[in-house]
Each structure stands twice: as C-alpha cells, then as structure tokens.
Amino acid sequence: MATPKAILFDLDGVIVDTAKHHFQAWKQLANELGFSFTEEDNERLKGVSRMDSLNILLEIGQIEKSETEKKELAAKKNERYVDSISTMNETEILPGVEHFLNELKNNNIPFALGSASKNAPTILKKIGLFEKFDAIIDGNSITNAKPDPEVFLLGAKELSVNAKSCVVFEDAQSGIEAGKAAGMYVVGVGDSRVLKGADDYIKSMEEMTLGRLEI
Ligand code: BG6
Ligand code: MG
C-alpha cells in the first residue's frame, strides 16, 4: 500500500502484554467454579469482550448461569484483573512500540486505539501513552465486539480517514477479521502459523517500520 493515512492499534497483546493478567483472573474464577482453565483455553479469549469471554469459560466448564449471576461473575473477574494491573507502568510497553509510535509522530501519521477492553484508558494512562493517541475507541464506545469491524471503522471516522487508507495491528484472530471486514490493511502480530487472513505478519512490533508499510 501507499503511505498509510492512519494506524489503528489493538491494545492487549500489541501495545502491552496483559494476557497473563487476564489469564490469572479467569483461572481463579474457573477454579472457584470447580474446573480447571489452561493457557490453551485462554487463547480462545484473546480479543474477545469480557461477557463473551465469560460465556466461553462457562462453556468450557459446562456450567449454566443466569444473566444476573453472569454479571456478578464478570464483575468479580474484572475487580481482580484491575487489581493485578494496578502496578503496571511504562516498563511493560512491548518492545518496539514506542519507537514505532515516535516514527508515526515524526511523519505526522495519526493513530488511534481500537480495543475491546473497557479498561483501555486506565491501562494507557498507567503506561504513559494515553496522551499520545489521537483517538481512543474501546469497549465502552462500541456495541458490536470484534470480529465486527465497528471498533476500527469508528477509529477511522474519528481520525477522518478513509478505511482503505488505514493499517491495523492485531494479535487476535477476531481482531484480524475485524480489520479485514473494515476494508483495512492488517498486520498480524504473532505467529503466522496460528493467525490467519492478515496481509502481513510480524512477531513483535520491533520488526515494524513505516517503510515496511509503504510497499
Ligand atoms: C481484549 C482482550 O483486548 O479485551 C480480551 O484481548 C479481554 O482478553 C477484552 O477479555 C475485554 O477486556 P476488559 O478489560 O474490558 O475486560
Ligand atoms: Mg489483542
């Protein structure tokens, strides 16, 4: 593609590694409900909204709960998650992220966050990147979770850029599908043998430069 007009970043797994914190909180909940929850199970929750994640967890444990009980369980998991990220700071920004964000700033390319997490603003503030983003679209601003393209289309709209001129960075399958459904160029962050359907793949943001996107 020609020089992108804007960049949209997923948060968890792209900017910061929060998967381990999510995993511990879900695992504790599963154990309390009487079943085990593995790291492999946790892979299924990447990019998935809080309530959808809980539904997958309950399906794994073959447990049925009412809507009210589900709300309570999701709130309990979130309390623990928020507690475990309370000490997070800029040292937890993933390698290569700050360098690439600075390259974008120096080239006047705007960037937005496109995350399913309702905790996204808190996390960005903790790691000192909140002010750098030109727009923040998170789990509080959307109705339809990834793989629906809503989060990225809203990001493009906020930045006043055509979707086709945007590049998305995503580590989750649902996020790659959301970016493609939005008509954007998608870079998968992670293992290309696991992630499917992206236009390009990198193992870490350390591999990314603006030049690589100008093909
Ligand atoms: C996504 C994570 O970014 O946000 C998921 O990959 C998580 O694991 C989802 O469930 C929702 O996050 P939160 O912070 O709103 O519970
Ligand atoms: Mg992610």
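Residues numbered from 1 in each chain as written. Chains lettered and ligands numbered in written order. Predicted model: local features only at pLDDT ≥ 70, side-chain atom pairs only at ≥ 80, totals over all residues. Heavy atoms only, no water.

Our focus in this paragraph is the overall build of the protein. Helices and strands together make up the secondary structure of the protein, namely nine helices and six strands. Projected onto the principal axes, the alpha-carbon positions of the protein cover approximately 50 × 35 × 30 Å. When the 215 residues of the protein are sorted by exposure, 48% land in the buried category. Taking the contacts inside the protein whose residues are at least 6 apart along the sequence as the reference set, 62% of them involve residues at least 24 apart. Looking at the protein as shown, the accessible area adds up to about 10300 Å², and 47% of this sits on carbon and sulfur atoms. For the protein, the separation between the mean place of its 25 positive charges and that of its 35 negative charges on side chains is 1 Å. (Helix = DSSP H or I, 4+ residues; strand = E, 2+ residues; numbered from the N terminus. Buried < 20%, exposed > 50% of the residue type's maximum accessible area, 1.4 Å probe, protein only. Contact = heavy atoms within 4.5 Å. Areas by Shrake-Rupley, 256 points an atom, 1.4 Å probe, with all protein chains shown as cover. Lys, Arg positive; Asp, Glu negative; His and termini not counted. Charge placed at Lys NZ, Arg CZ, Asp CG, Glu CD.)

We now examine the site of ligand 1. With respect to spatial proximity, 14 residues lie near ligand 1, and among them D12, G47, S117, K118 and N119 are the closest. Between ligand 1 and the protein, one listed contact pairs an oxygen atom with a side-chain N or O atom of D12 at 2.5 Å. One of the side-chain N or O atoms of S117 is found 2.6 Å from an oxygen atom in ligand 1. Residue composition of the shell around ligand 1, by class: four nonpolar, six polar and four charged. For the shell around ligand 1, the two domains that each supply at least three residues are domain 1 (6-17 + 90-213) and domain 2 (19-85). (Near = heavy atom within 4 Å. Polar contact = N/O pair within 3.5 Å; in protein donor to acceptor, adjacent residues only side chain to side chain. Nonpolar A, V, L, I, M, F, W, Y, C, P; charged D, E, K, R; others polar. Domains from an automatic or database assignment.)

With that settled, the discussion passes to the packing of helix α1 (residues 19-33) against helix α3 (residues 50-60). Where α1 meets α3, the closest approach of the two axes is 11 Å, and the angle between their N-to-C directions is 40°. Put simply, α1 runs oblique to α3. Here α1 runs over α3; the crossing is right-handed. Contacts between α1 and α3 involve W26, L29, A30 and L33 on the former and, on the latter, R50, S53, L54, L57 and L58. Class assignment for the residues of the contact of α1 with α3 results in seven nonpolar, one polar and one charged. (Axes fitted to C-alpha atoms, helices over the stretch in contact; angles between N-to-C directions. Parallel < 35°, antiparallel > 145°, perpendicular 65-115°, else oblique. Left-handed = near helix turned anticlockwise from the far one by under 90°.)

On the protein side, the magnesium ion (ligand 2) has D10 (OD), D12 (O) and D171 (OD) as donor atoms, found 2.0 to 2.1 Å from it. Going along the chain, you hit the donors of the magnesium ion (ligand 2) in the pattern D-x1-D-x158-D. Both residues of the pair, D10 and D12, count as buried. (Donors = N, O, S within 2.8 Å, 3.2 Å for Na, K, Ca; no water.)

Entries for the protein in the domain assignment read domain 1 (6-17 + 90-213) and domain 2 (19-85). On a C-alpha basis, the centres of domain 1 and domain 2 stand 24 Å from each other. Between domain 1 and domain 2, the residue contacts involve 13 residues of the former and 14 residues of the latter. Approximately 1000 Å² of surface area, both sides summed, lies buried where domain 1 meets domain 2, with 47% of it carried by carbon and sulfur atoms. Of all residues in domain 1, D17, A116 and N119 bury the most surface against domain 2, accounting for 39% of the area lost on that side. Summed over the shared surface of domain 1 and domain 2, the number is one salt bridge. Between K20 and D17 there is a salt bridge, and its shortest N-O distance comes to 3.7 Å. Seen at the junction of domain 1 and domain 2, the total is three residue pairs in polar contact (both at pLDDT 80 or more). A breakdown of the residues in the side of domain 1 that touches domain 2 according to their chemical character gives four nonpolar, two polar and seven charged. (Buried area = accessible area lost by both parts, 1.4 Å probe. Salt bridge = Lys/Arg side-chain N within 4 Å of Asp/Glu carboxyl O.)

Let us look at the nonpolar core. Membership of the largest hydrophobic core comes to 34 residues, with the highest contact counts inside it found for F9, F169, M205 and L213. Every element with two or more residues in this core is listed here: β1 (6-9), α5 (97-106), β2 (111-114), α6 (120-126), β4 (166-170), β5 (185-189) and α9 (210-213). By residue number, the principal contributor to this core is α5, which donates four residues. Counting residues in each nonpolar core, the second largest holds 21 residues, with L8, I142, V151 and M184 among its members. (Core = buried A, V, L, I, M, F, W, Y, C linked by side-chain atoms within 4.5 Å.)

A separate point is the pattern of salt bridges. Between side chains of opposite charge, pairing is possible as soon as their charged atoms come close. Inspection of the entire model under this criterion finds twelve salt bridges. With a closest N to O distance of 2.6 Å, E170 and K146 form a salt bridge. Linking E170 in strand β4 with K146 in the loop between β3 (135-137) and α7 (150-158), this pair joins segments that are 24 residues apart in sequence. For the pair shown, E170 and K146 are each scored as buried.

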